Every structure is written in C-alpha cells, then in structure tokens.
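Listed below, chain by chain, are the residues.
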Amino acid sequence: MLEQAHPLTADRPQDFRAEFRATLALAWPLAAANLLQMMVHAIDVLFVTRLGETPLAASSLGISIFGLLLWTGSGLVGAVAPLVAAELGRRKHAVREVRRSVRMGLWISGLVSVLFMGVCIAGAPILRATGQAPGLSSLAGSFLSVLMWSMFPMIAAGVLRIFVSALGRPRIGTVITFLALGVNALGNWVFVFGNLGMPTLGLRGSALSSVITSVAMLLAYVIVIQKDRRLRRYRLFGNWWRPEWQRFRDIFAIGTPLGLTILAEAGLFTGAALLMGRIGEAQLAAHTIALNVAALAFQIPFGVAQAATIRVGMAYGARDPAGIGFAGRASLFLGIGFMALTAIFIWLFPSLILRAYSVDSNPALVGFAMQFLVIAAAFQLFDGAQTVAAGALRGLQDTRVPMIIAVCGYWIAGYGTAIYLGFWTPLQGVGVWIGLAVGLIVVAALLLTRWRMRARLGLLPSIAAG
C-alpha cells in the first residue's frame with residue numbers, strides 16, 4: 001500500500017480537480033515567464049524588422065544557429081528538474097541533494113557554453129556551407145560573434161529558474177523575465193539606432209542588447225536566491241568548485257537524450273530556416289515572423305510541460321502512481337486546451353497579428369506570412385500535445401525513447417516531407433511548413449501513446465510498502 005506518512009502527502013492532491021488546481025498554480029507563472037522571454041526575443045525582431053529585409057533574414061539565420069545550441073544546452077541541464085523534483089518527492093527538505101543537482105547543472109552550463117560559443121564563431125562558414133548567400137552569411141556571422149556571449153548566462157539562468165520553481169517560487173522567474181523585457185527594449189532602442197549618444201550599431205546592437213539582458217537576468221536570480229530566506233538555506237553558491245561526480249553523471253545520463261530531443265525539434269525549425277534561405281529572402285523573412293508567432297503561442301504549453309515535469313517528478317519520487325496519473329492528465333488538459341484557443345485566434349485574425357510587425361509595405365512578405373500562419377494554426381494542438389507529453393515523461397526520468405521518437409518523427413517524417421514539398425513541388429515555403437506540421441503530428445501521436453502505456457512499459461516506480 002502507499003506510504004501514508006510521506007512528508008509530501010499533504011501537498012499531493014488525491015483527485016484530478018485538486019491536481020488540476022495545483023498544476024495550474026505552478027504552470028501559469030512558468031508559462032508567463034516563457035511568454036515574456038519570447039517577447040524579449042520578439043522585441044529584437046520588431047527592431048531588426050525596421051532595418052530592412054536583409055538584416056531580418058541575416059538575424060533569422062544567426063538566431064537559427066544560436067537558438068539551436070541554446071535549446072540543446074538548456075535541454076541538457078533540464079535534467080536538473082526531474083532530479084530535484086524526485087528528491088523533493090522523496091524527502092521534502094532534501095537540501096544537500098538539491099544543492100548537488102543545481103551545482104552540477106551550473107558546471108555543465110559552463111562547459112557546454114564554451115563548446116557552443118566555438119560553433120558560433122564558425123557561424124558564417126557553416127551558413128555558407130549550407131548554400132546561403134555569402135553576404136547574408138557574413139552578416140549573420142557578425143551578429144553571432146556578439147550574441148554568443150549571452151550563451152552561458154542564458155543557460156545558467158535556466159538552471160536557477162528550475163531551482164526556484166521546484167522550491168515553490170515560480171513567480172520569481174516571471175518577475176525577472178518581465179524586468180528583462182524592459183532592459184532589452186531599452187537596449188535595442190539605444191544600440192540599434194544609436195540613441196542616448198551611443199553609436200548606431202544596427203544588427204550588432206540588437207545582439208549586444210541581448211547579451212546585456214541575459215547577464216542582468218542571471219545576476220537577478222543570484223541576488224534573489226541570496227536574499228530569499230527559504231532559498232538561501234540551500235547555499236547554492238557555497239563551495240561551488242566542489243565536484244559531485246555521481247550527480248554530474250546523473251544529469252548527463254538523463255540530460256543527454258533530453259538535449260538531443262530538443263536538438264531534433266529545434267533542428268527541424270532551424271533546418272526549415274535554411275531551406276527558406278535557399279528559396280528566397282522574402283519567404284525566409286516571412287518564415288521568421290510566422291515562426292515567431294507560433295513560438296509565442298508555444299510558450300504556454302511549454303510552461304505547462306515544465307510544471308508537468310515537476311509535478312510528475314514529485315509523485316515519481318514519492319512512489320505514487322495515482323499522483324503521476326493525475327499530474328499527467330491535468331497537464332495535458334491544460335496544454336492542449338490552451339493551444340486550441342490559440343489555433344482559433346491565429347486562424348481568424350492573421351492580418352491583425354501581422355500588423356504588429358510593421359510589414360504592410362512589403363506585400364510579398366505579408367502574403368507568404370499569411371500562408372504560413374494558416375498552417376501554424378493547424379498544428380497548434382499537436383505542438384501542445386507533444387511538449388506536454390514529453391514533459392510528463394521527463395518527470396518519470398524517461399528520456400531515451402522520447403529522443404528516438406523525436407529524431408525519427410522530426411527528421412525522417414517532418415524534414416523529409418519539408419524537403420520534398422519545398423523543392424520538388426510548386427508549394428515551396430508552404431511545403432516546408434507542411435513538413436513542420438507532419439513532424440509535430442507524428443511525434444505527438446507517439447509520445448501520447450507512450451504516456452498512456454507507461455504502466456505496461458515499466459515506467460512507473462514500485463509502490464512503497466506500508
């Protein structure tokens with residue numbers, strides 16, 4: 001029978017409605033922080049759009065490389081979330097265990113950032129090798145040479161955000177990201193167009209603003225953790241040089257498949273940007289805008305997925321199969337339900353959305369973006385389903401098979417379709433976006449099936465004896 005004296009028993013809901021409320025309470029600040037983070041990036045797009053079609057296309061290529069690396073690194077250290085959640089599920093005040101996980105997560109953030117910055121330095125040659133125009137590749141490489149300095153602060157801030165969220169302080173991330181929104185808007189205004197006596201840096205100015213914003217976010221997390229009485233007791237930054245090799249290996253064991261999963265998904269969209277670059281600058285610029293809209297909507301179910309990892313992870317650590325089921329169902333209901341609303345909005349009001357990007361003077365770009373948004377609306381439900389299902393499985397520390405599903409679904413089904421329809425049919429950019437939809441549909445179907453079969457596949461913990 002289930003343990004009745006477990007320290008988290010009173011905190012773990014015993015029915016679906018209670019779990020739904022608990023998941024919503026954790027998910028909404030996470031989702032809000034994700035949305036604000038995307039708005040931080042959207043500000044970059046809004047400013048760069050005013051520089052013209054070529055700088056916008058170059059920034060899209062640069063961000064496609066940077067974002068791919070950033071998401072991969074964030075996925076790798078994302079293993080901290082299920083490890084911390086499981087420790088808190090086993091014992092409510094697992095101070096030493098939590099500290100070990102977070103400390104090693106920060107170590108790994110530094111290691112992968114150095115590696116990824118090296119890739120950014122080679123950004124221009126990489127882009128030329130994919131067939132991008134030399135001038136566009138050089139401009140994107142110059143952009144990356146500045147933006148790469150934000151790699152470590154962004155990944156490390158993600159680790160600290162996991163920590164504060166698992167400890168019941170998810171609103172901290174929301175507040176810090178809201179402040180970052182203002183910092184980035186001011187930075188873009190100052191450095192892109194040379195206000196307040198600063199030189200006009202154009203595209204590089206937008207990258208510099210991103211670096212300043214990411215450093216400010218990391219410092220804000222450090223300050224808050226040091227000032228908050230509950231968070232301070234974990235002494236995250238004391239003896240930070242001391243290795244915890246077993247926990248280091250644990251993070252790599254869970255995080256490597258997770259990072260590769262995100263690499264497969266982000267790589268699909270990066271690959272789509274590279275395909276668009278070969279089709280034409282107007283379609284690439286339209287792809288950038290439409291993808292930014294879809295990515296904004298995605299941040300809500302992604303926040304729900306983060307909450308699912310923590311809620312499912314706590315139930316997993318407590319050896320509570322019923323709690324695992326409640327947490328997964330509540331998360332799926334929230335994520336898919338929201339994406340249904342965004343799909344309807346994008347479908348009905350695409351022109352209203354595009355007005356925010358000030359592209360009315362470019363009819364070709366607007367026409368392409370409208371077509372892409374219609375497809376984006378169609379795959380919203382599947383995008384929400386796949387990310388929440390992946391988050392729930394992550395809470396069970398199940399990352400290897402989802403990685404295989406992601407690689408096959410995104411790259412064989414999705415990218416294969418995108419290449420065929422984009423270059424072997426008259427559909428061009430529309431065909432590429434249909435390929436994106438195919439990849440998401442396949443992965444969502446397979447991950448949902450794995451979640452439903454979790455007991456039969458042996459993913460659930462053994463029930464503790466009473």
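Note on numbering: residues in each chain are counted from 1, in written sequence order. Note on the predicted model: pLDDT of at least 70 is required for a residue's local features to be given, and 80 or more for side-chain atom pairs to be given and counted; whole-chain, interface and lining totals, by contrast, use all residues. With hydrogens and water stripped out, all remaining heavy atoms of the structure feed into the side-chain values.

A.B. asks: Would you explain helix α17 (residues 400–423) in this entry?
C.D. replies: Given 3.6 residues per turn, any residue in an α-helix points the same way as the ones three and four places further on. Helix length check: α17, at 24 residues, gives a terminal C-alpha distance of 33 Å against a target of 34 Å (1.5 Å per residue), a fit within 8%. Two axes enter the definition of the bend at a residue: one is fitted to the seven residues ending there, the other to the seven starting there, and the bend is the angle between them. By the criteria applied, helices consist of DSSP H or I runs no shorter than four residues and strands consist of E runs no shorter than two, each listed in order from the N terminus. At tyrosine 415, α17 shows its maximal kink, close to 25 degrees. Among the residues making up α17, those that are buried are Pro402, Met403, Ile405, Ala406, Gly409, Tyr410, Gly414, Tyr415, Ala418, Leu421 and Gly422. Next to the buried residues of α17 lie α11 (245–279), α16 (380–395) and α18 (429–452). Every helix has an expected span of 1.5 Å times one less than the residues it contains. With a 1.4 Å probe rolled over the protein chains alone, any residue whose accessible area is under 20% of its type maximum counts as buried; one over 50% counts as exposed, and the rest are partly exposed. By definition, residues are in contact when any of their heavy atoms lie within 4.5 Å.

A.B. asks: How do you make sense of the layout of surface pockets when you look at a structure like this?
C.D. replies: The probe, sized like a water molecule, is rolled over the atoms to show the empty space still left. Of the pockets and cavities examined, the second largest pocket occupies roughly 350 Å³. A pocket here means an open set of points on a 1 Å grid, computed over the protein atoms alone, that has protein on both sides within 12 Å along at least five of seven lines. A cavity is instead a set of points where a 1.4 Å probe fits but cannot get out; residues with an atom within 4 Å of a point line either one. Around the second largest pocket, the lining is made up of 16 residues, and of these Val293, Leu296, Ala297, Ile353 and Tyr357 lie nearest the centre. Those elements giving two or more residues to the lining of the second largest pocket turn out to be α1 (16–49), α12 (281–317) and α13 (321–348). For the lining of the second largest pocket, the element with the highest residue contribution is α1, accounting for 5 residues. Broken down by class, the residue content of the lining of the second largest pocket amounts to 15 nonpolar, 1 polar and no charged. Grid points are joined across faces, edges and corners, and a volume is the space filled by probe spheres set on the points. Classes in brief: Ala, Val, Leu, Ile, Met, Phe, Trp, Tyr, Cys and Pro nonpolar; Asp, Glu, Lys and Arg charged; the others, Gly included, polar.

A.B. asks: It is not clear to me how the pattern of salt bridges should be interpreted in this structure. Could you clarify?
C.D. replies: A side chain with one charge may pair with a side chain of the opposite charge, provided their charged atoms come close. Between Lys or Arg on one side and Asp or Glu on the other, a salt bridge is scored when a side-chain nitrogen of the former is within 4 Å of a carboxyl oxygen of the latter. Per the counting criterion, the structure on display carries 8 salt bridges. In this structure, arginine 90 and glutamate 87 form a salt bridge, with 3.5 Å as the shortest nitrogen-oxygen distance. Remark: glutamate 87 and arginine 90 occur in helix α3 (residues 80–90); sequence separation between them is 3 residues, near one turn of the helix. You can call arginine 90 partly exposed: its relative accessible area is 42%.

A.B. asks: Would you explain the environment of glycine 173 in this entry?
C.D. replies: Positionally, glycine 173 belongs in helix α8 (residues 170–193). The class for glycine 173 is buried, based on a relative accessible area of 0%. Between the C-alpha atoms of glycine 173 and proline 125, which are 48 residues apart in sequence, the distance is 36 Å.

A.B. asks: Looking at this structure, I do not really get empty space enclosed by the protein. What am I missing?
C.D. replies: Summed over all chains, the structure comprises 2 cavities of 30 Å³ or more. In this structure, the second largest cavity encloses a volume near 50 Å³. Around the second largest cavity, the lining residues are Leu258, Thr261, Ala390, Arg394, Asp398, Thr399 and Pro402. When residues of the lining of the second largest cavity are traced back to their parent elements, those giving at least two are α11 and α16. Residues belonging to the lining of the second largest cavity are distributed by class as follows: 3 nonpolar, 2 polar and 2 charged.

A.B. asks: Teacher, can you tell me more about the side chain of glutamate 265 here?
C.D. replies: Tracing the chain through its elements places glutamate 265 in helix α11. One buried charged residue, glutamate 265, remains without a salt bridge, the closest side chain of opposite sign being arginine 394 at 7.4 Å. In this structure, glutamate 265 is in contact with Phe298, Asp383, Gln386, Tyr410 and Leu440, ignoring residues within four places of it in sequence. His residues and chain termini do not enter the charge count, which takes Lys and Arg as positive and Asp and Glu as negative.

None of the figures reported here should be taken as evidence of function without further support.
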